[in-house]
There are 2 protein chains.
Amino acid sequence: MEYDQLKLENQLCFPVYAASRLIIREYQPFLDKLGITYPQYLVLMVLWETDEITVNEISGKLILNTNTVTPLLKRMEALGLIKRVRSNSDERKVLISLSDKGKKMREKAASIPLQLIEKINDESIDLNILMELKNTLNSLISLLDKPRKG
Amino acid sequence: MEYDQLKLENQLCFPVYAASRLIIREYQPFLDKLGITYPQYLVLMVLWETDEITVNEISGKLILNTNTVTPLLKRMEALGLIKRVRSNSDERKVLISLSDKGKKMREKAASIPLQLIEKINDESIDLNILMELKNTLNSLISLLDKPRKG
DNA sequence: AAAAAATATATCGCATGCGATATATTTTTT
DNA sequence: AAAAAATATATCGCATGCGATATATTTTTT
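Okay, so let's go over this structure. (Residues numbered from 1 in each chain as written. Chains lettered and ligands numbered in written order. Predicted model: local features only at pLDDT ≥ 70, side-chain atom pairs only at ≥ 80, totals over all residues. Heavy atoms only, no water.)

So, on to the interface of chain B and chain A. Contacts between chain B and chain A engage 64 residues on the former and 64 residues on the latter. When chain B packs against chain A, the two sides together hide about 6,100 Å² of surface, and 73% of this comes from carbon and sulfur. For chain B, the biggest contributors to the area lost against chain A are B:L6, B:Y17 and B:L144; these three give 11% of the whole. Applying the counting criterion to the chain B and chain A interface returns zero salt bridges. Linking chain B with chain A are ten residue pairs in polar contact (both at pLDDT 80 or more). For the side of chain B that touches chain A, the secondary-structure elements that each account for two or more residues are α1 (13–34), α2 (38–49), α3 (55–62), α5 (100–109), α6 (112–121) and α7 (127–149) of chain B. (Contact = heavy atoms within 4.5 Å. Buried area = accessible area lost by both parts, 1.4 Å probe. Salt bridge = Lys/Arg side-chain N within 4 Å of Asp/Glu carboxyl O. Polar contact = N/O pair within 3.5 Å; in protein donor to acceptor, adjacent residues only side chain to side chain. Helix = DSSP H or I, 4+ residues; strand = E, 2+ residues; numbered from the N terminus.)

Structure (structure tokens):
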């Protein structure tokens, strides 16, 4: 029997998995300056776009389970980046909003995406190809994330 | 100032990160049957291709730090999937090789890649686009992994 | 209206994943 | 040859990430 399918180089998942970790490593020095982790940065990006949303909405946008997001948000609250308040209209919900510190961090973070692009683009890889990459991944994500939403 | 760069939808990293987790979730039911995790499956794939290699070589192929790989291998040894033996020629090295159980698992795993492809292809996304995706990610990986090697 | 189902968070346990650091061995430098 | 540097693993601590499960609240069913 042929086992070529089981070779690392023939896998689709491995490159996605490895690239994910490597790109996050590139973020590390910038995030270290802000004293936050990559998932915390993602939460902030969500809140900078839409402040005052529920735990569930955040976990939906980041495609993370609530049992990952709840402790993440608690750590962010402890860091003074966000506030967690039970909703009055629906006591099951917890509303997440930015603290002043969390709001101010937006300015410090503003330069990160461009610096990342420079870091990557600086060498060999065409930006258009990266845009295609993004599109394909987004198709894949909406395909695989369907079961959660449907 | 414009903050569009800080929107989730405009990021490259987030789709890679989310896709990685979602694809691994697709593997989960198949790996559960074998009683292994995704990183463990990766180690096995490396060993099925080249048995008897060092911890360092495995961590290099998987682009993981040794402080991730060492405990991973210890768990795999506890599961009876691999053997860990100090090298005689160089006492710093630890040689990792497959146990009978680890070797036999190859047959059970042989059908996984195809099943995954069917699961994804079954709907809407062209396989050629996925091959391009793989190529772009591999370029990105060799770019970002350079500092480790160079 | 009471019971059942659904929804929203949260807790627990375990496996990564990694920065910082330690230890043993080998190689290189002086 | 002794000292210094490099190499290969390993340990520690902390932050995810998730399956299983618990709890409180709201909505739906009967």
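In this section: the protein's contact with DNA strand D. Not every one of the 28 residues close to DNA strand D is listed here, only the nearest: A:N67, A:R75, B:Y17, B:N67 and B:K74. Among the atoms of DNA strand D close to the protein, meaning within 4 Å, 74% are from sugar or phosphate groups. Between DNA strand D and B:Y17 there is a distance of 2.5 Å, counted from a phosphate oxygen to a side-chain nitrogen or oxygen. With respect to DNA strand D, the side chain of B:R84 contributes an N or O atom lying 2.8 Å from a phosphate oxygen. Mapped by element, the contributors of at least two residues to the surface near DNA strand D are α2 (38–49) and α4 (66–78) of chain A together with α1, α3, α4 (66–78) and β2 (82–86) of chain B. (Near = heavy atom within 4 Å.)

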